[in-house]
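# Fold and contact review
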Amino acid sequence: MNGIHLTVWLRRIVTRARFARGLFLWLCLTNVTQLVQLYLYEGLSLPLEGMALLLLEGLLRVAGLSLLLALLCSLLPRFVRRGVAVLSGLLFLVDVFSLTHYHSVLDAGLLQVILATNTQEAVEYMVTQGSDILSMLALASFLTGAFLLYRRMYRRKHTAGQRRLLGNGRPLLLRRQAFFAGRGTRVFSLVLLALFAGSVCHAFADPEDSVEKLPRHLSVGRLVANLKQSYDENRSTAYIDYALASQLVEILEDRHDIPKVIFVLGESTSRHHMQLYGYNLPTTPNLSRREQAGELTAFSSVTSPHAGTMAVMRTLFSFYDKGAAGMWYDYGNLFDILRAAGIHTAWLSNQESSGFYGSIGRTLASRCDEQAFTSHLSHTIDLSERYDEEVLPLLDDALAGDSRTEMATQSDFFVVHLMGAHEDFKRRYPASFARFTAADETGGAKEDAASRQIRAEYDNAVLYDDHIVDAIIQRVEDQDAVVIFLSDHGEEVNDVRESRRRRPPHPGCQGPCLAERRDGPHGAGPFEDLRATVRKRKEPAARLMQQAKKAPGQMEAAEKAVIL
């Protein structure tokens, strides 16, 4: 009996529900930006048929989620439907603006920037982007006017058709249409839901996909996920910052006499694709020229502890070792030691400042006196052709000392974090550096045209990397300075296996390490000591700045350091 009552109750809810066809179409329209995102994020790197399948599945997910949300809203009061429609429209305008300026829809990184912006900064930004914002407002006004006009004409037409006059002359409105009352609506909905269910199964089976990502195909679901991610990241960042700040520093001895050190941190650059290390293509003409002139030393006994950026970052600038007890932020870090010694530090990056992959970089940057990023998105690497030359103005500003509060002469330690040769390789360099083609490539594990083209694109990225590192060196050629170039890890581009996976001790963990000392008033003595130290110890370059390292069981309340 209870089952019968439940069935009747559910049937009554469904039959009284109003299928908001306008809301369904509106949700599909305002989430077309997700298809643009898919095209920029993955479509450009796929062949035509793969791109078509990707966009088709994206369209299916947008439509399926829109149908489910419209069905849910049909069971709720009218103001909820209107609120969802308005929110989706506003997010559409934000996504259009974000795609135009930042090559991405609204994500957690951009949301964090918006939430952290004060009133003055918001006003300044609106003044700077005034013309574009006015265009968005004009578009919003046009869409709102078109919707209101359509709604008025639709109501006038269908209200007149639904009225019936009784004998007493009073009009009678027929019962509103149930959600699945129309045959066409019922067939369309069932087919769409069946296809959407297949897409969900594909998300379960695909290791590079997940069901948790499905709601992000709608801007409303993406907003909820981004808010949660931003909240979780802020809590995590606050705890890590507290842990890092709790590591007290005691300077036992300070013998440093190099006034300026620029540490260039590359990305995915393998020494096996560098002319400087014997590669058969001229991918590093500038660095090779400097090495032949005796200006630069290339170290060959450098192996990354990991094949992923985040794992490397945890060990590169801290006293945490691979396999050590505890978390990396429970150990001392280089920047707090340098700041305690009065050395001015700066973190200048062309990579993400937020999001999952940008969390380590943002945390380390917060330990520096200055920090500047070319982008505030959480996945810039994958979405845009943001070339490393964009970080050079940040370095120029840091060298000029525009943001310093005191003008006293002091030593500098700058980290310049490049995008380097990160996938997708052809997005890492401008067209003028597309020098190598598939015809130039030989000796790979796969010799088909597609594999050779990928290797050519990677070599072009290395060539552009050479140009950027040389441009950084040029900026301090007339100063007493040391420039160190180290890649977080290498990249295997069909070198020894028919894949691009990175596993030690293969090329994926073997990056370059270069050091150049410009002669100043102190001469080149310390640089010769640096060469001798590396040749004798044959340790990773990070250990050059970690001479006071301790085992986990020997950590004291204060981190004691010797500045060489």
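Above this note sits the structure.
About the thresholds
- Residue positions within a chain follow its written sequence, with the count starting from 1.
- Under the rules for a predicted model, residues below a pLDDT of 70 receive no local features and side-chain atom pairs below 80 are neither given nor counted, while totals for whole chains, interfaces and linings still include all residues.
- Side-chain metrics in this entry use all non-hydrogen atoms of the structure; hydrogen atoms and water are not considered.
- Numbering of helices and strands runs from the N terminus; a helix is a DSSP stretch of H or I covering at least four residues, while a strand is a stretch of E covering at least two.
- Accessible area is worked out with a 1.4 Å probe on protein chains only. A residue is then buried under 20% of its type maximum, exposed over 50%, and partly exposed in between.
- Values of accessible area rely on a 1.4 Å probe in the Shrake-Rupley scheme; residue burial ignores everything except the protein chains shown.
- The pairing criterion is simple: DSSP has to find at least two bridges between the two strands.
- Any two residues whose heavy atoms approach within 4.5 Å are treated as being in contact.
- Salt-bridge detection follows one rule: a side-chain nitrogen of Lys or Arg within 4 Å of a carboxyl oxygen of Asp or Glu.
- Pairing of aromatic side chains here covers Phe, Tyr and the six-membered ring of Trp, requires ring centres within 6.5 Å, and sorts the geometry by plane angle: under 30 degrees stacked, over 60 edge-to-face, intermediate tilted.
- The set of buried Ala, Val, Leu, Ile, Met, Phe, Trp, Tyr and Cys residues whose side-chain atoms join them within 4.5 Å is what this entry labels a nonpolar core.
- Patch membership requires more than 30% relative accessible area and the absence of a salt bridge. Residues of like charge join within 9 Å; the nonpolar side chains Val, Leu, Ile, Met, Phe, Trp and Tyr join within 5 Å.

## Some words on the overall build of the protein
When helices and strands are tallied, the protein shows 18 helices and 11 strands. Put simply, the protein has 564 residues, and 47% of those count as buried. Summed over all atoms, the accessible surface of the protein reaches about 28,400 Å², with 59% contributed by carbon and sulfur.

## Re the pairing of strand E4 (residues 260–266)
Most of E4 is tucked away: 7 of the 7 residues are buried. Of the two faces of E4, both are covered, the one formed by Lys260, Ile262, Val264 and Gly266 as well as the one formed by Val261, Phe263 and Leu265. Across 6 bridges, the pairing between E4 and strand E8 (residues 412–417) is parallel. Each bridged residue has a counterpart across the sheet, and for Lys260 the counterpart in E8 is Asp412. In this structure, E4 lies alongside strand E9 (residues 481–487), joined through 7 bridges in parallel fashion. Paired with Phe263 across the strands is Ile484, a residue of E9.

## What about unusual backbone geometry?
Its identity as a non-glycine residue notwithstanding, Ser268 has a phi of 60 degrees, on the positive side. Positionally, Ser268 belongs in the loop between E4 and helix H11 (285–292).

## A few points about the environment of Gly266
Residue placement: Gly266 occurs in strand E4. The buried category is assigned to Gly266, whose relative accessible area is 0%. C-alpha separation for the pair Gly266 and Leu486, spaced 220 residues apart in sequence, amounts to 5.9 Å. Leaving out residues up to four positions away in the same chain, Gly266 has contacts with Leu418, Phe485, Leu486, Ser487 and Asp488.

## Looking at the pattern of salt bridges
Going through the model one piece at a time under the given rule, you end up with 12 salt bridges. A salt bridge links Asp336 to Arg367; the nearest nitrogen and oxygen atoms lie 3.3 Å apart. Remark: Arg367 occurs in the loop between helix H14 (359–366) and strand E7 (370–373) and Asp336 occurs in helix H13 (residues 334–340); sequence separation between them is 31 residues. As a salt-bridge pair, Glu441 and Arg455 come within 3.6 Å of each other at their nearest N and O atoms.

## Thoughts on the packing of aromatic side chains
Under the defined criterion, the tally for this structure stands at 12 aromatic pairs. Ring plane angle 70 degrees and centroid distance 5.9 Å describe the contact between Phe24 and Phe188, whose orientation is recorded as edge-to-face. Separated by 164 residues along the polypeptide, Phe24 in helix H2 (residues 21–30) and Phe188 in helix H9 (residues 183–205) bring together distant segments of the chain. Residue Phe188 is classed as partly exposed on the basis of its relative accessible area, which comes to 42%.

## A closer look at the nonpolar core
Ranked by internal contacts, the top residues of the largest apolar core, which has 41 residues, are Ile262, Val264, Leu287, Leu348, Val416 and Ile472. Those elements giving two or more residues to this core turn out to be E4, strand E6 (344–349), helix H16 (392–400), E8, helix H17 (449–474) and E9. Ranked by size, the runner-up nonpolar core spans 38 residues in total, among them Phe319, Leu364, Cys368 and Val415.

## Concerning a nonpolar patch on the surface
Nonpolar side chains collect at one region of the surface, where Leu53, Leu56 and Leu59 lie side by side and expose about 320 Å² of accessible area between them. Checked against the element boundaries, Leu56 lands in helix H4 (residues 48–74). Leu56 sits in the exposed class, given a relative accessible area of 54%.

## Some thoughts on helix H12 (residues 309–316)
Because the α-helix completes a turn every 3.6 residues, residues three or four places apart line up on one side. For H12, the tally of buried residues reaches 6 of 8 residues, placing the bulk of the element in the interior. Inspection of H12 places Thr309, Met310, Val312, Met313, Thr315 and Leu316 among the buried residues, and these make up the whole buried set.

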